[in-house]
Amino acid sequence: MPKYVITAKRKLAPRVNWFRIQAPLIARRAQPGQFVIVRLHEKGERIPLTLFDWNANEGFIELVVQEVGKTTMEMGRYNVGDHVLNITGPLGNPTHIDMYGVVVIVCGGVGSAVCYPVAKALRERGNKVISIIGFRTRELVILEEEFRRISDEVIVTTDDGSYGVKGFTTDALRSLLESGVKPGLVYTAGPVIMMKKVAEITRRHGVLTYASLNPIMVDGTGMCGACRVTVEGRTVFACVDGPDFDAHKVDFDELAKRLAQYTEEERIALEKYLNTVSRGG
Ligand SMILES: Cc1cc2nc3c(=O)[nH]c(=O)nc-3n(C[C@H](O)[C@H](O)[C@H](O)COP(=O)(O)OP(=O)(O)OC[C@H]3O[C@@H](n4cnc5c(N)ncnc54)[C@H](O)[C@@H]3O)c2cc1C
Ligand code: FES
């Protein structure tokens, strides 16, 4: 009897799927900010995915997965009743949930799935939560309703202005801080370039900022260093020391470089996979 059965699936946007998966042991221990490592089948690689939500009583976890390459596209073809071979977790340190007063959440694209459980927990703790969720265009907007339920204010941005406020999340953040809002914390997840810009803006305003980092991971348990990042000049492993770090101390340029190091292999793997799929494999 396979353990990790998919019991629900929903398409949130083109190439973004939400999955509910039976995983009672993980659901019992999950905390906001943590992630799992998923391996789809015997030949699959291990990929990290954030715990979007979970229910300990009913024994399920929820993941939001954007199709960016071979494994995530393969997962996109999984349906209700299918099962995932391995899920390891919960992994990483939970986000430090405290009373900060006003908290601004800044997330780009699928980073919104990473921020959601953290935003929810910070609100439950009594913080005023302002969520800025940004997407390239209208059809890619996800989780707006979910954020509205757990935020005091939601600002949706699109790069092209096709929905919500035109511009980047960082433009909305800058306006907010310049209008006199004084958050005790800014929490961010999304593309590296966005997190880097968020850190530059909040540094100028002296606002504590945590970024949830997304380096390449293999084991996810501190054994290999694939996920290493430089924070305040020190090498740390994001899977066990993070994934949250003080954004003002992170070397984002190095993170971007390391994320691009397998681009050619990733392209070849995807091409091979798409060929197999088109041949009906
Ligand atoms: C702690 C953590 C939590 C994550 N949570 C989520 C999540 O909840 N939902 C989600 O959709 N994705 C999440 N990611 C990113 C996800 O792991 C990658 O998108 C996935 O590994 C890509 O695998 P692939 O084989 O489909 O693509 P690949 O062929 O490996 O890569 C395709 C493209 O995606 C980029 N990429 C690869 N790995 C990552 C990565 N770790 N982060 C960002 N870009 C990457 C590559 O540079 C490349 O451009 C998370 C990553 C980390 C480290
Ligand atoms: S993924 Fe291997 S040490 Fe973090």
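Only a predicted model underlies this, so the values are computations on that prediction, with no experimental measurement involved.

Draft legend 1. Molecular detail of the UniProt feature "binding site: FAD" (unreviewed entry) in the chain. Under the present numbering, the feature "binding site: FAD" (unreviewed entry) in UniProt falls on Val64, Val65 and Gln66. Of note, valine 65 is situated in strand β6 (residues 60-66). In contact with glutamine 66, other than residues within four places in its own chain, are Arg15, Val16, Thr72 and Val110.

Draft legend 2. The arrangement of helix α8 (residues 252-259) in detail. For α8, the set of buried residues is Phe252, Leu255 and Arg258. One face of α8 carries all of its buried residues, which in axial projection span an arc of 125°. Among the residues of α8, the N-terminal cap falls to aspartate 251, whose side-chain oxygen and the backbone nitrogen of aspartate 253 are separated by 3.3 Å.

Draft legend 3. Spotlight on the pairing of strand β11 (residues 153-158). By the criterion of burial, β11 is predominantly enclosed, with five of the six residues buried. In terms of strand pairing, strand β10 (residues 128-135) meets β11 through six bridges, oriented parallel. Note on β11: the bridge partner recorded for isoleucine 132 is isoleucine 155. For the segment spanning β10, helix α4 (residues 144-150) and β11, crossover handedness is right-handed. Sheet topology note: the β11/strand β12 (residues 165-166) ladder contains two bridges and is parallel. For threonine 158, the partnering residue across the bridge sits in β12 and is lysine 166.

Draft legend 4. Layout of the site of ligand 1. Taken together, 20 residues surround ligand 1, and among them Glu45, Pro48, Val64, Gln66 and Thr72 come closest. Between ligand 1 and the protein, one listed contact pairs a nitrogen atom with a backbone N or O atom of valine 64 at 2.8 Å. Considered on its own, ligand 1 offers 850 Å² of accessible surface; in the complex 83% of this is hidden by protein. Broken down by secondary-structure element, the contributors of at least two residues to the shell around ligand 1 are β4 (47-50), β6 and α2 (70-76). For the shell around ligand 1, the leading source of residues is β4, giving four residues. When grouped by side-chain class, the residues that make up the shell around ligand 1 number 11 nonpolar, six polar and three charged. Both domains that furnish three or more residues to the shell around ligand 1 are identified here as domain 1 (4-91) and domain 2 (102-260).

The rules behind these values
- Residues numbered from 1 in each chain as written.
- Chains lettered and ligands numbered in written order.
- Predicted model: local features only at pLDDT ≥ 70, side-chain atom pairs only at ≥ 80, totals over all residues.
- Heavy atoms only, no water.
- UniProt positions renumbered as here; feature names shortened; annotations may be inferred.
- Helix = DSSP H or I, 4+ residues; strand = E, 2+ residues; numbered from the N terminus.
- Contact = heavy atoms within 4.5 Å.
- Buried < 20%, exposed > 50% of the residue type's maximum accessible area, 1.4 Å probe, protein only.
- Arc of directions from axis to C-beta.
- Polar contact = N/O pair within 3.5 Å; in protein donor to acceptor, adjacent residues only side chain to side chain.
- Pairing = 2+ DSSP bridges.
- Right-handed = clockwise from strand over helix to strand, strands pointing away.
- Near = heavy atom within 4 Å.
- Areas by Shrake-Rupley, 256 points an atom, 1.4 Å probe, with all protein chains shown as cover.
- Nonpolar A, V, L, I, M, F, W, Y, C, P; charged D, E, K, R; others polar.
- Domains from an automatic or database assignment.

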